[in-house]
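Residue strings, one per chain:
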Amino acid sequence: MRVTCPSCNKAYTVDESKLPASGAVLKCQACGGKMTVPGRQVQDAPAGSKAPVETAESLKPGSPAWEKLKRETAAEVLRQLGLRPSVHAQDAEDDDGELNLALVAEDEPLFQEVIRDALEKLGYQVEQARSTADALEALKRKPYRIVTVDNRFPDDSEGGYKILQTINAFYPEKRRKMFVTFISADLATMDINSAFILGANLTVSKKDVKRLDRFLAQGMREHESLYATFDEVEQEIQAETA
């Protein structure tokens with residue numbers, strides 16, 4: 001979905017599948033203005049069908065009804081995304097060998113060193129891309145588990161955004177295995193709205209980069225918890241179609 005800021009006409013691409021049914025109000029990164037985004041479309045139930053009635057008690061997190069609903073929802077989302085067994089199988093094969101591989105797209109030596117240290121503390125093998133072109137080429141070759149992206153490079157002021165666009169064009173099952181952190185002096189750390197608009201998993205202000213390992217650990221825990229059910233259901237679908 002394309003969303004345009006009414007104040008400055010800056011356009012953004014928003015992942016409609018992440019929108020709540022009630023819609024959202026997002027902050028424009030260019031001028032700070034507000035953008036009202038309509039909620040995602042919800043299909044009506046077939047005529048004559050009756051939705052099962054669940055009580056608040058039965059749908060408590062962790063209850064059997066809750067777990068059943070999570071799995072059914074995950075399966076439906078995967079069907080809507082169009083699961084590609086052959087592509088996913090290749091990704092899984094690559095991941096076995098490169099499970100802890102991280103890419104740092106950053107041109108400044110000081111930040112390169114700080115980010116590398118933070119990722120190595122978390123047990124990742126780090127590769128560096130010092131330009132937009134280097135980052136795009138690296139992303140073609142290997143399935144990185146973590147990618148950190150600076151918002152701009154000396155030879156390309158829009159470089160970070162180009163890298164994000166490339167990552168977000170990956171097949172959904174490949175993209176969700178990659179944790180993407182956008183690093184910018186212009187953004188606040190853990191800015192949910194900005195991360196949503198940009199298609200990143202986490203934002204980190206450059207002034208907070210020294211604590212990157214802490215923010216990454218927290219963000220990845222939340223990310224893995226969110227997609228745990230999806231991964232389980234996807235494996236079951238793979239087994240059924242094998």
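Worth saying up front: this structure is predicted, and the values here are computed from it rather than measured. (Residues numbered from 1 in each chain as written. Predicted model: local features only at pLDDT ≥ 70, side-chain atom pairs only at ≥ 80, totals over all residues. Heavy atoms only, no water.)

Asks: Looking at this structure, I do not really get the confidence of the model for the protein. What am I missing?
Replies: Detailed reading of the predicted coordinates is not advisable wherever pLDDT is low. With 67% of its residues at a pLDDT of at least 70, the protein reaches an overall mean of 76. This model gives residues 80-98 a pLDDT under 50, and the stretch forms 20 contacts once residues within four places in sequence are excluded. (pLDDT = per-residue confidence, 0-100. Contact = heavy atoms within 4.5 Å.)

Asks: Looking at this structure, how should I read the side chain of Asn 151?
Replies: Positionally, Asn 151 belongs in the loop between β7 (146-150) and α5 (159-168). Since its relative accessible area comes to 3%, Asn 151 is described here as buried. If we skip the residues at most four places from it in the chain, Asn 151 touches Ser 157, Glu 158, Gly 159, Gly 160, Tyr 161, Phe 182, Ile 183, Ser 184 and Asp 186. (Helix = DSSP H or I, 4+ residues; strand = E, 2+ residues; numbered from the N terminus. Buried < 20%, exposed > 50% of the residue type's maximum accessible area, 1.4 Å probe, protein only.)

Asks: Would you explain the sheet that holds strand β6 (residues 125-129) in this entry?
Replies: Hydrogen bonding along the main chain pairs the strands of a sheet, whether they run parallel or antiparallel. Pairing in this open sheet of five strands is parallel, and the strands run β6-β5-β7-β8-β9 from one edge to the other. Sheet topology places β6 and β9 (202-205) at the edges, where each strand pairs with a single neighbour. When the angles between neighbouring strand axes are averaged without regard to direction, this sheet yields 20°. Across five bridges, the pairing between strand β5 (residues 101-105) and β6 is parallel. By the bridge assignment, Ala 105 is partnered in β6 with Ala 129. Along the sheet, helix α4 (residues 132-141) makes contact with β5, β6 and β7, crossing β5 at roughly 160°. (Pairing = 2+ DSSP bridges. Axes fitted to C-alpha atoms, helices over the stretch in contact; angles between N-to-C directions.)

Asks: Looking at this structure, how should I read the environment of Cys 5?
Replies: Positionally, Cys 5 belongs in the loop between β1 (2-4) and β2 (11-13). Using a relative accessible area of 0% as the deciding quantity, one classes Cys 5 as buried. Dropping the residues within four chain positions of it, Cys 5 is found in contact with Lys 10, Cys 28, Cys 31 and Met 35.

Asks: I'm lost on the pattern of salt bridges in this one. Help?
Replies: Side chains that differ in charge, positive against negative, can pair when their charged atoms come close. Scanning all chains against the criterion turns up eight salt bridges. Arg 116 is the salt-bridge partner of Glu 120, the closest N and O atoms lying 3.3 Å from each other. Separated by four residues within a single helix, Glu 120 and Arg 116 lie in helix α3 (residues 109-121), roughly one turn from each other. Overall, Glu 120 belongs to the partly exposed group, its relative accessible area being 41%. One salt bridge in this structure joins Asp 150 and Lys 206, with 3.1 Å as the shortest N-O distance. Of this pair, Asp 150 sits in strand β7 while Lys 206 is found in the loop between β9 and α8 (212-241), placing the two residues 56 residues apart along the sequence. Owing to a relative accessible area of 1%, Asp 150 belongs among the buried residues under this scheme. (Salt bridge = Lys/Arg side-chain N within 4 Å of Asp/Glu carboxyl O.)

Asks: I tried to follow the packing of α4 against α5 on my own but got confused; where do I start?
Replies: The packing of two helices is summarised by the inter-axis angle and the distance between the axes. Two elements in contact, α4 and α5, have axes separated by 9 Å at closest approach and are oriented at 10°. On the basis of their axis angle, the class for α4 and α5 is roughly parallel. The hand of the α4/α5 crossing is right-handed. The segment α4 lies against α5, with Thr 132, Ala 135, Leu 136 and Leu 139 engaging Gly 159, Lys 162, Ile 163, Thr 166 and Ile 167. (Parallel < 35°, antiparallel > 145°, perpendicular 65-115°, else oblique. Left-handed = near helix turned anticlockwise from the far one by under 90°.)

Asks: Sorry if this is basic, but what is going on with α5 here?
Replies: A turn of α-helix holds 3.6 residues, and therefore any two residues three or four places apart point the same way. Taken as a whole, α5 has its buried residues at Gly 159, Gly 160, Ile 163, Leu 164 and Ile 167. Looking down the long axis of α5, one finds its buried residues gathered within 140° of arc, a one-sided arrangement. Elements that come into contact with the buried residues of α5 comprise β5, α4, β7, α6 (172-175), β8 (179-184) and α7 (192-198). (Arc of directions from axis to C-beta.)

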